[in-house]
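Single-letter residue listing:
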Amino acid sequence: QVQLVESGGGLVQAGGSLRLSCAASRRTSYAMGWFRQAPGKEREFVATISWRNSIYYADSVKGRFTISRDTAKNAVYLQMNSLKPEDTAVYYCAAGPTATSNQPAAAYDYWGQGTQVTVFS
């Protein structure tokens, strides 16, 4: 079992930045991913990072978002720059066995409670 707790969401103007953090309850070799879910939409893949730091991004965030992990702190981060109103969603941290591109939510076993990101124009 791994418990995940996200933080860092908030309200930001378009073009601004936010940094999301996810703290895991224990050291893990799982891949760590970020997903997001907007009202009325399915949960969608944002980015993931493997234990060996292989990284994948959704096309919609490439060049704007950066995922990283600190294994010493059991943490994963999502730096979000050049935010757009369409980035508005609840962002979830997740842990799963593998990291590949465009993964479905079902590929992940453990989830945090989510943190709201709202981008206004």
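To start, this report covers the structure provided alongside it.

Phi angles above zero are rare outside glycine, and N74 is one such case at about 55°. In this structure, S82 takes a positive phi of about 50° despite not being glycine. Mapped onto the secondary structure, S82 falls in the loop between β8 (75-80) and β9 (89-96).

A separate point is the pairing of strand β7 (residues 65-70). The side chains of a regular strand alternate, first on one face of the sheet and then on the other. Of the two faces of β7, the one holding F65, I67 and R69 is buried and the one holding T66, S68 and D70 is not buried anywhere. As consecutive antiparallel partners, β7 and β8 are separated by 4 residues, and within that stretch N74 has a phi angle of approximately 55°, a positive value.

It is worth spelling out the sheet that holds strand β3 (residues 18-24) at this point. Reading across the sheet, the 4 strands line up as β1-β3-β8-β7 and stay open at both edges, with antiparallel pairing between neighbours. Single-partner strands in this sheet number two, and they are β1 (4-7) and β7. Across the sheet, the mean angle from the axis of one strand to that of its neighbour is 15°, orientation sign disregarded.

The next point concerns the side chain of Q103. Examined against the element boundaries, Q103 turns out to sit in the loop between β9 and β10 (110-111). Given the relative accessible area of 5%, Q103 is considered buried. Reaching out from Q103, the side chain makes a polar contact with the backbone nitrogen of T100 at a distance of 3.4 Å. Polar side-chain contacts of Q103 include one of 2.4 Å to the side chain of Y108. When neighbours within four sequence positions are excluded, Q103 is seen to be in contact with F35, F45, T48, T98 and Y108.

Cut-off values and rules
Residues numbered from 1 in each chain as written. Predicted model: local features only at pLDDT ≥ 70, side-chain atom pairs only at ≥ 80, totals over all residues. Heavy atoms only, no water. Helix = DSSP H or I, 4+ residues; strand = E, 2+ residues; numbered from the N terminus. Buried < 20%, exposed > 50% of the residue type's maximum accessible area, 1.4 Å probe, protein only. Pairing = 2+ DSSP bridges. Axes fitted to C-alpha atoms, helices over the stretch in contact; angles between N-to-C directions. Polar contact = N/O pair within 3.5 Å; in protein donor to acceptor, adjacent residues only side chain to side chain. Contact = heavy atoms within 4.5 Å.

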